[in-house]
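Per-entry structural report
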Amino acid sequence: MRCKSCEKWYGAEDDDYGPCSIKHARGDKKFITHGEHVCDEIYRDKGSNKHGDQRS
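Described below are features of the structure shown in this document. Being a predicted model, the structure only gives us computed values, none of them experimental.

Rules used throughout
- Residues numbered from 1 in each chain as written.
- Predicted model: local features only at pLDDT ≥ 70, side-chain atom pairs only at ≥ 80, totals over all residues.
- Heavy atoms only, no water.
- Salt bridge = Lys/Arg side-chain N within 4 Å of Asp/Glu carboxyl O.
- Helix = DSSP H or I, 4+ residues; strand = E, 2+ residues; numbered from the N terminus.
- Buried < 20%, exposed > 50% of the residue type's maximum accessible area, 1.4 Å probe, protein only.
- Contact = heavy atoms within 4.5 Å.

Remarks on the pattern of salt bridges
Throughout the structure, instances matching the rule amount to 6 salt bridges. Between K4 and E36 there is a salt bridge, with its nearest N and O atoms 2.6 Å apart. Taken together, the residues span a long stretch of sequence, with K4 in the segment before β1 (17-19) and E36 in the loop between β2 (32-34) and β3 (47-48) at a distance of 32 residues. Taking relative accessible area as the criterion, K4 reaches 35% and is therefore assigned partly exposed. Classification of E36 as partly exposed rests on a relative accessible area of 34%. Residues joined in a network through salt bridges with shared partners are K23, R26, D28, D40 and E41.

Quick notes on the side chain of K23
Assignment of secondary structure puts K23 in helix α1 (residues 21-26). A residue is classified by how much of its surface remains accessible, and K23, at 8% relative accessible area, is buried. With sequence-adjacent residues up to four places away left out, K23 is seen in contact with D28, K30, F31, T33, D40 and E41.

Listed below in structure tokens is the structure:
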């Protein structure tokens, strides 16, 4: 899953960067991600999303 497809990501539509609420809640210093970033967090659904990415 890509960040921009996740309900935990609050990105700006104009520049495609935004905070990951999981990383922010954990206190990560780098919690801003790009919308095309592939999820590296535990919050993942099964199946594939509208971009064809496999979710695990």
